[in-house]
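# Fold and contact review
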Amino acid sequence: MTDDSNRKQGIRRGMYVEVASLAYNIAEVAISMTAAFMTGSSALISWGVDSIVEGNLAAFMIWRLGGEVQGISERQVLKRKKDRSVGAFRCVHDRSVVHLL
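A few points on the structure. Since the model is a prediction, treat every value here as computed from it, not as a measurement. (Residues numbered from 1 in each chain as written. Predicted model: local features only at pLDDT ≥ 70, side-chain atom pairs only at ≥ 80, totals over all residues. Heavy atoms only, no water.)

## Focus on the overall build of the chain
In plain terms, the rule: Secondary structure elements are taken from DSSP: a helix is a run of H or I of four residues or more, a strand is a run of E of two residues or more, and numbering for both begins at the N terminus. A 1.4 Å probe rolled over the protein chains alone gives each residue an accessible area, and that area as a share of the maximum for its type sets the label: buried under 20%, exposed over 50%, partly exposed in between. We call two residues in contact whenever any of their non-hydrogen atoms come within 4.5 Å of each other. Only the protein chains shown count as covering a residue, and every accessible area follows the Shrake-Rupley method with a 1.4 Å probe.
The helix and strand inventory of the chain stands at three helices and zero strands. For the chain, the succession of helices and strands along the chain, N to C, is α-α-α. By the burial criterion, 23% of the 101 residues in the chain qualify as buried. When contacts within the chain are restricted to residue pairs at least 6 apart in sequence, long-range pairs at least 24 apart make up 53% of them. Summing over all exposed atoms, the chain offers an accessible surface of approximately 7,300 Å²; the carbon and sulfur share of this is 63%.

See the structure below:
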């Protein structure tokens, strides 16, 4: 196998891990939110919200790795990485603003 085919195979494996992570996080959100609303537990709500964030990150990684498997240009790969960084900053910033209120 060539280095390029090994790389693509590794990226596909990474995508499978992220798909499993996304499925797990979706189940985690459903279970924790259901239990939280049934019991009135703020800890379970927080756990569910954290799972939503983790699910979003998994979805982003699936999108980014899918582009690499499809052979998008290096420039677009870097743009996708940059978009994630900006999104992560906005998420942290928005949480900080909410805590200040």
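After that view of the structure, there is still more to cover.
## Things to note about the side chain of Ser32
Put simply, the rule reads: In protein, a polar contact requires one atom able to donate a hydrogen and another able to accept it; more generally it is a pair of N or O atoms within 3.5 Å, and residues adjacent in sequence count only if both atoms are side-chain atoms.
Turning to its location among the elements, Ser32 is positioned in helix α1 (residues 3–39). One polar contact links the side chain of Ser32 to the main-chain carbonyl oxygen of Glu28, over a distance of 2.8 Å. At 3.5 Å, the side chain of Ser32 and the backbone nitrogen of Gly48 are in polar contact. Apart from residues no more than four positions distant in its own chain, Ser32 is found in contact with Leu44, Trp47 and Gly48.

## Section: α1
Let me state the cut-off plainly: A helix is expected to span 1.5 Å for every residue after the first.
End to end, α1 covers 53 Å across 37 residues, agreeing with the expected 54 Å (1.5 Å per residue, within 8%). Check the buried side of α1 and you find it contacts α2 (42–70).

Purely geometric numbers; function is a separate question.
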